[in-house]
Amino acid sequence: NCRMKNCRYFEGVGIHDGSEGTVRNCYFDECLSGISVRHSSKAWIYDNTVVNSRVTAEHIVPFGQGLFIERYSTADIANNIIINNDNEGIYLESSSGSVVHNYIDNNGHVALDGNGVYCHNSSFVIMDNLIARNYLYGIDVSEQPCKIYQNDIRYNNRGGIKVSSMADVDAR
């Protein structure tokens, strides 16, 4: 259990450079990103709340996400509450794993866009999530296979699921 508030210049928790770790039962409020997993790392992310991840003048993009998974990392993400973040609720790039049973709501805004889940060049199963009221799409997928099953996706400003021409998506 952990509680982190106002870590505006850092992630709440970072698992980087080939590390492995579990983040469970934590609360992150007003961090640069709640949890980041980078550079061939492996993470299990369960039962957390990530709210109000903010972009600062010193760090514009790629921050402000609730969860940030990139560069050949693997993550299993389940039973989290991810709301009111400046950018994506969950950002997935060049990685793999699963996103299951999460509540992803009200992420992104006019200056930064933002989707509930952004999945670029990654292989994830995205299943049984409630994804609502995000600035752009509930789920935005591009350039790799992504399996999307039985999500409740509603009231996102641009639509439910966006699939680029290069993506291979199995959506049911």
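Below: a short report on this structure. (Residues numbered from 1 in each chain as written. Predicted model: local features only at pLDDT ≥ 70, side-chain atom pairs only at ≥ 80, totals over all residues. Heavy atoms only, no water.)

1. A few points about the pairing of strand 12 (residues 96–100)
For clarity, the threshold we go by: Each residue is assigned to one of three classes by its accessible area relative to the maximum for its type, calculated with a 1.4 Å probe on protein chains only: buried under 20%, partly exposed between the two thresholds, exposed over 50%. Only runs of H or I of at least four residues qualify as helices and only runs of E of at least two qualify as strands under DSSP, and these elements are numbered from the N terminus. Two strands qualify as a pair provided DSSP detects at least 2 bridges between them.
Counting buried positions along strand 12 gives four out of five residues, so the element sits mostly inside the fold. Sheet analysis places strand 9 (residues 74–78) next to strand 12, joined by five bridges and oriented parallel. Residue pairing for strand 12: T74 is matched across the bridge by S96.

2. Comments concerning the state of the cysteines
Put simply, the test is: Disulfide: a pair of cysteine sulfur atoms within 2.5 Å of each other.
This model, assessed by the stated rule, comprises two disulfides. Note on cysteine connectivity: C2 is disulfide-linked to C26, with sulfurs 2.1 Å apart. Judged by the torsion about the S-S bond (125 degrees), the C2/C26 disulfide is right-handed. Here C2, found in strand 1 (residues 2–5), pairs with C26, found in strand 4 (residues 26–29); they are 24 residues apart in sequence, far enough to count as distant. Numbered in order of appearance, the disulfide-bonded cysteines of the protein chain are paired 1-3, 2-4.

3. A word on the nonpolar core
The test is simple: Grouping buried Ala, Val, Leu, Ile, Met, Phe, Trp, Tyr and Cys residues that are joined through side-chain atoms within 4.5 Å yields what is termed a nonpolar core. In what follows, a contact means two residues having at least one pair of non-hydrogen atoms within 4.5 Å.
In this structure, I77, I90 and L92 are the most contacted members of the largest nonpolar core, which totals 30 residues. Filtering out sequence-adjacent residues up to four positions away, I77 remains in contact with I45, L67, I69, I90, L92, S98, V99, V100 and N102.

4. Some thoughts on unusual backbone geometry
Backbone geometry places S40, a non-glycine residue, at a positive phi of 60 degrees. Residue S40 is classed as partly exposed on the basis of its relative accessible area, which comes to 47%. At S94, a residue that is not glycine, the phi angle is positive and equals roughly 50 degrees. The topology assignment puts S94 in the loop between strand 11 (90–93) and strand 12.

5. Some details on the side chain of N85
Quick reminder of the rule: In protein, a polar contact requires one atom able to donate a hydrogen and another able to accept it; more generally it is a pair of N or O atoms within 3.5 Å, and residues adjacent in sequence count only if both atoms are side-chain atoms.
Within the fold, N85 resides in the loop between strand 10 (81–83) and strand 11. In terms of polar contacts, N85 uses its side chain to reach the backbone amide nitrogen of S53, at 2.8 Å. Excluding residues that lie within four positions of it along the chain, N85 makes contacts with V50, V51, N52, S53, R54, G64, Q65, G66, N106, N107 and G108.

6. Concerning the pattern of salt bridges
Note the following rule: Salt bridges, as used here, are contacts in which a Lys or Arg side-chain nitrogen is within 4 Å of a carboxyl oxygen on Asp or Glu.
For the structure shown, the criterion picks out eight salt bridges. The salt bridge involving R38 is made with E70; its shortest N-O contact spans 3.6 Å. Here E70 lies in strand 8 (residues 67–70) and R38 lies in the loop between strand 5 (33–37) and strand 6 (42–46), a separation of 32 residues in the sequence. E70 shares its class with R38; the two are buried. Among the salt bridges present, the one from D105 reaches R133, with a minimum N-O distance of 2.5 Å. Taken together, the positions of D105 in strand 13 (residues 103–105) and R133 in the loop between strand 16 (130–132) and strand 17 (137–142) put the pair 28 residues apart, joining distant regions of the chain. Several salt bridges converge on common partners, so that one network encompasses E11, R38, E70 and R71.

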